[in-house]
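# Examination of the molecular architecture
For reference, the chains in residue letters:
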Amino acid sequence: MEILSKRIYEVLKDKGVASIYHANSVVTSCNILRNRYLMSHGAVNKLGLVQMSRISGQAQKSCGVWDDVFTDSVDIHKLEGGVNSRGPVLFELDIEIIRNTNTGKVWVTKSNPSEWEAETKHERRWFISANDLDHDFTLGNSDHMPVFRHCGGKLPLQNHLKKIILDDPKLTIDNRQIDCFSMAYGAITLAMSDGGLQVPIEKRECDADCGCRHGYKSGVVDAEKMFSPRLR
């Protein structure tokens, strides 16, 4: 059963969701900004770029979400106290985008898509009614993701992008001694200008016990790949 976007907006707002989020690598984020829309895995693939995801491309195809745009109802980096494996660039969008009638249908995942199998029932994948959503949606549960479906793999940012939060790993790139944060900040600023967007870029301020810098330094994620503004 389809839940009206307006009702999803009302439930999530009542639960305390003020923004929705999308994390990505610097190179893909720059293309997002130049084009002025978030992109599905399928749309990114067509551009020859890489989109980090908790669910593989093949699995997305088999689950029918290859052309859907995934967002989060919580800042994963802040929630988990460490590196967000999908990227150091976080787009924070106004929750009002959910009830925008020009963004296709909005569904909300009930479980993590990385755990879906062919036999996983529809009602275990998705919230199927407004009552279901109101009863079981939990603020801070990273499995509960607003997903923009039937939108052609593109979610317009204009008038809904509030700000960009950028990680600072305190690292330089190999022997060139190029500071990752400065390089990414400059690339994102230029891409915003190319796309005609203007929003604040904030350096992420982490709690003392956040493990992100250790994660970047120890290679939990490939910092050069995540922060480079060009394909490697």
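Our subject is the structure listed above.
The notes below deal with the structure included here. Note that this is a predicted model, so its numbers are computed, not measured.

### Some points on the overall build of the protein chain
Each helix and strand counted, the protein chain has 10 helices and 11 strands in total. In terms of overall size, the protein chain behaves like a compact globule, its C-alpha atoms giving a radius of gyration of 17 Å where 232 residues would be expected to give roughly 17 Å. Every one of the 232 residues in the protein chain was classed for burial, and the buried ones make up 51%. In the protein chain, once contacts between residues fewer than 6 apart in sequence are set aside, the share between residues at least 24 apart is 78%. When the accessible surface of the protein chain is totalled, it reaches about 11300 Å², and 46% of it is carbon and sulfur. Between the centroid of the 30 positive side chains of the protein chain and the centroid of its 30 negative side chains there is a distance of 4 Å.

### Some points on the sheet that holds strand E6 (residues 146-149)
Pairing is antiparallel across the open sheet formed by 3 strands, whose spatial order is E3-E6-E5. Of all strands in the sheet, those with a lone pairing partner are strand E3 (69-70) and strand E5 (105-108), marking the two edges. With 4 bridges joining them, E5 and E6 adopt antiparallel strand pairing. Pairing of Val106 across the sheet is with Phe148, part of E6.

### Brief notes about the pairing of strand E4 (residues 89-94)
Across the 6 residues of E4, 5 count as buried, placing the element largely inside the fold. Sheet analysis places strand E1 (residues 19-24) next to E4, joined by 6 bridges and oriented antiparallel. Bridging across to E4, His22 finds its partner in Phe91. Alignment of E4 against strand E8 (residues 161-166), held across 5 bridges, turns out to be antiparallel. Directly across from Phe91, in E8, lies its bridge partner Ile164.

### Overview of the sheet that holds E4
Strand order in the open sheet formed by 4 strands is E1-E4-E8-E11, and the pairing between neighbours is mixed. A single partner strand is all that each edge strand has here, and the edge strands are E1 and strand E11 (201-203). Looking at each pair of strands side by side, their axes are set apart by 25 degrees on average, direction ignored. Docked against the sheet, helix H8 (residues 180-195) engages E4, E8 and E11, running at close to 160 degrees with respect to E8.

### With respect to the environment of His160
Relative to the elements of secondary structure, His160 occurs in the loop between strand E7 (154-156) and E8. Note: C-alpha distance between His160 and Ile95 (65 residues apart in sequence) is 8.0 Å. Sequence-distant contacts of His160, that is, excluding residues within four places in its chain, are made with Glu92, Leu93, Asp94, Glu96, Ile97 and Asn100.

### Notes on the pairing of E6
Neither face of E6 is left uncovered, since the one carrying Pro146 and Phe148 and the one carrying Val147 and Arg149 both have all their residues buried. Sheet topology places E3 next to E6; 2 bridges connect them, and they run antiparallel. Paired with Phe70 across the two strands is Val147, which belongs to E6.

### Digging into H8
Along its 16 residues, H8 runs 22 Å from first to last C-alpha, staying within 8% of the 22 Å computed at 1.5 Å per residue. Buried residues of H8: Cys180, Phe181, Met183, Ala184, Ala187, Ile188, Ala191, Met192 and Gly195, and no others. One face of H8 carries all of its buried residues, which in axial projection span an arc of 160 degrees. Set apart from the buried face of H8 by more than 90 degrees, the exposed residues are Leu190 and Ser193.

### Digging into the layout of surface pockets
What the largest pocket holds in volume is close to 350 Å³. Around the largest pocket sit 22 residues that line it, and Asp75, Lys78, Ile165, Arg204 and Glu205 are the ones nearest its centre. Elements that contribute at least two residues to the lining of the largest pocket include exactly E1, helix H5 (76-80) and E11. A breakdown of the residues in the lining of the largest pocket according to their chemical character gives 8 nonpolar, 5 polar and 9 charged.

Rules and cut-offs
- Residues numbered from 1 in each chain as written.
- Predicted model: local features only at pLDDT ≥ 70, side-chain atom pairs only at ≥ 80, totals over all residues.
- Heavy atoms only, no water.
- Helix = DSSP H or I, 4+ residues; strand = E, 2+ residues; numbered from the N terminus.
- Rg over C-alpha atoms; globule rule 2.2 N^0.38 Å.
- Buried < 20%, exposed > 50% of the residue type's maximum accessible area, 1.4 Å probe, protein only.
- Contact = heavy atoms within 4.5 Å.
- Areas by Shrake-Rupley, 256 points an atom, 1.4 Å probe, with all protein chains shown as cover.
- Lys, Arg positive; Asp, Glu negative; His and termini not counted.
- Charge placed at Lys NZ, Arg CZ, Asp CG, Glu CD.
- Pairing = 2+ DSSP bridges.
- Axes fitted to C-alpha atoms, helices over the stretch in contact; angles between N-to-C directions.
- Expected span 1.5 Å × (residues − 1).
- Arc of directions from axis to C-beta.
- 1 Å grid on protein atoms, 1.4 Å probe; cavity = no way out; pocket = protein on both sides within 12 Å on 5 of 7 lines; lining within 4 Å.
- Points joined across faces, edges and corners; volume = space filled by probe spheres on them.
- Nonpolar A, V, L, I, M, F, W, Y, C, P; charged D, E, K, R; others polar.

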